[in-house]
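Survey of secondary and tertiary structure
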Amino acid sequence: MRAWSLGGMASGPDLTGEAVANIVAAIGEGDFSQRVLHQVNRVIPVGCWSVYRIGGDQPRMFLSGTYHRKDTTTGSWQAYLSGPHLADRTFAFGEIDPAGPVITHLTAEEIPTRAHRDKVYRQFDMSERLSVVEPQSRDTVFALNLYRYNGQGFFTDRELAAFETIAPSLLASVHRHLLLHPRAAALASPLSLDSVRQAFETHRPDLTERELDVVARTVLGMSYEGIAADLGLKLPTVKTYRNRAFERLHISFRSELVRYYLTLSGGFFGLGL
C-alpha cells in the first residue's frame, strides 16, 4: 500500500474544474452520490465509490454508489462488517504522521488478511482502492474511497495525480453535504454479524445455533459458498440449515429474510429495500 499527505488544490485541465464545480453544485441534493460518481468518472474512470467511518464501536457507511452496473456496495459493506473490519489495517499510514488528510492506494492483492480479500474484494469483483482518509481520533478514520473492478485496469500515475487534484474539493463537498442533508447520515448501516445474530436469537429462540450462524451471514449478504467457507461446512450442509430456518420463519427467499430482520430490528438502515 502507498500513502502520502494530501497537498492543496493543484491546477488542472478544464474538465477537472468543471467536474469539481458540478460536484459542489450537487451538495444537499438527494441524488448527490450518483452525481458525484458521474463527475468523478469524467476525470478518473472508477467502478464504484463509498464514504464511511471505521474504528470505534460502530462503523458507518454514509454514501455509496456504482457506475453503470448493478450496485453491490451495500453487499460489500455488509461483508466487510461480517468480520474483516475487525482486522483491517489498510488505512495504516506507515511513517506518515498525518496532520491532515492522507491519500492511500492499494490493490486487492496487497490486502494482508485473506478474509478481507476474499469476502469483500474477490466476492464483489473489486481490484483496487484509492482513498482520501482523515484521522478523526486515535482509532477512527473517515474515508472517501474510489474502487476499480477487475477488467478496468489499474490506476495510472496520471489518474493518481488527477485524484490528488480533485480530492480536497471532493472531500470538502462530502462533509458539507452530510451537514446539509442529514438523511444521508441516516443511511448509515450499523449491521454487524453479532448484532444480526443477536436479533434473531432474542426474537426467534426456536432457531438452532447453526441456523442462527447461517441466517445472520445470509442477512449480511454473504454467498452460501462464502458461508460454507467461513463456518467450515460443506455447501449442502449450509443449504440444509438455511432451508430449516426458512421453514421455521415461513419464508422462501433471501430478500424475505432481510425484510424479516428489519422488522425485528425496527429499522431499514438504508438497504434500498
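Located above this text is the structure these notes cover.
Residues numbered from 1 in each chain as written. Predicted model: local features only at pLDDT ≥ 70, side-chain atom pairs only at ≥ 80, totals over all residues. Heavy atoms only, no water.

**Focus: the packing of helix H9 (residues 224-231) against helix H10 (residues 235-249)**
- The geometry of H9 relative to H10 is characterised by a closest axis approach of 9 Å and an angle of 110° between their N-to-C directions. By the angle between their directions, the pair H9 and H10 is classed as roughly perpendicular. Taken together, the residues of H10 that come into contact with H9 (itself represented by Tyr224, Glu225, Ile227 and Ala228) are Leu235, Val238, Arg242 and Phe246.
- Of the residues in the contact of H9 with H10, the class split is six nonpolar, no polar and two charged. (Axes fitted to C-alpha atoms, helices over the stretch in contact; angles between N-to-C directions. Helix = DSSP H or I, 4+ residues; strand = E, 2+ residues; numbered from the N terminus. Parallel < 35°, antiparallel > 145°, perpendicular 65-115°, else oblique. Contact = heavy atoms within 4.5 Å. Nonpolar A, V, L, I, M, F, W, Y, C, P; charged D, E, K, R; others polar.)

**Looking at the environment of Asp213**
- Within the secondary structure, Asp213 is located in helix H8 (residues 209-219).
- Given a relative accessible area of 13%, Asp213 falls into the buried group.
- Asp213 sits 29 residues away from Arg242 along the chain, and the two C-alpha atoms are 9.5 Å apart.
- Once you skip the residues sitting within four places of it in the chain, Asp213 turns out to touch Arg197 and Leu231.
- Engagement of the side chain of Asp213 in a polar contact is seen with the side chain of Arg197, the distance being 2.9 Å. (Buried < 20%, exposed > 50% of the residue type's maximum accessible area, 1.4 Å probe, protein only. Polar contact = N/O pair within 3.5 Å; in protein donor to acceptor, adjacent residues only side chain to side chain.)

**Digging into the pattern of salt bridges**
- Considering all chains together, one arrives at 15 salt bridges under this definition.
- Asp118 is the salt-bridge partner of Arg122, the closest N and O atoms lying 2.8 Å from each other. Linking Arg122 with Asp118, this pair stays in helix H4 (residues 114-122), spanning four residues, or about one helical turn.
- For Glu211, the salt bridge is made with Arg248, and the minimal N-O distance between the two is 2.8 Å. Here Glu211 is found in helix H8, whereas its partner Arg248 is found in helix H10, with 37 residues between them in sequence. (Salt bridge = Lys/Arg side-chain N within 4 Å of Asp/Glu carboxyl O.)

**Focus: the packing of aromatic side chains**
- All chains considered together, the criterion is met by seven aromatic pairs.
- Here the aromatic residues Tyr52, Trp77, Tyr80 and Phe91 are joined through ring pairs into a cluster of three or more.
- Taking the ring centre of Tyr224 as reference, the NZ or CZ of Arg242 above it sits at 4.8 Å.
- Directly above the aromatic system of Tyr224 lies the positively charged group of Arg254, at a separation of 4.8 Å from the ring centroid. (Phe/Tyr/Trp six-rings, centres within 6.5 Å; stacked < 30°, edge-to-face > 60°. Lys NZ or Arg CZ within 6 Å of the ring centre and 35° of its normal.)

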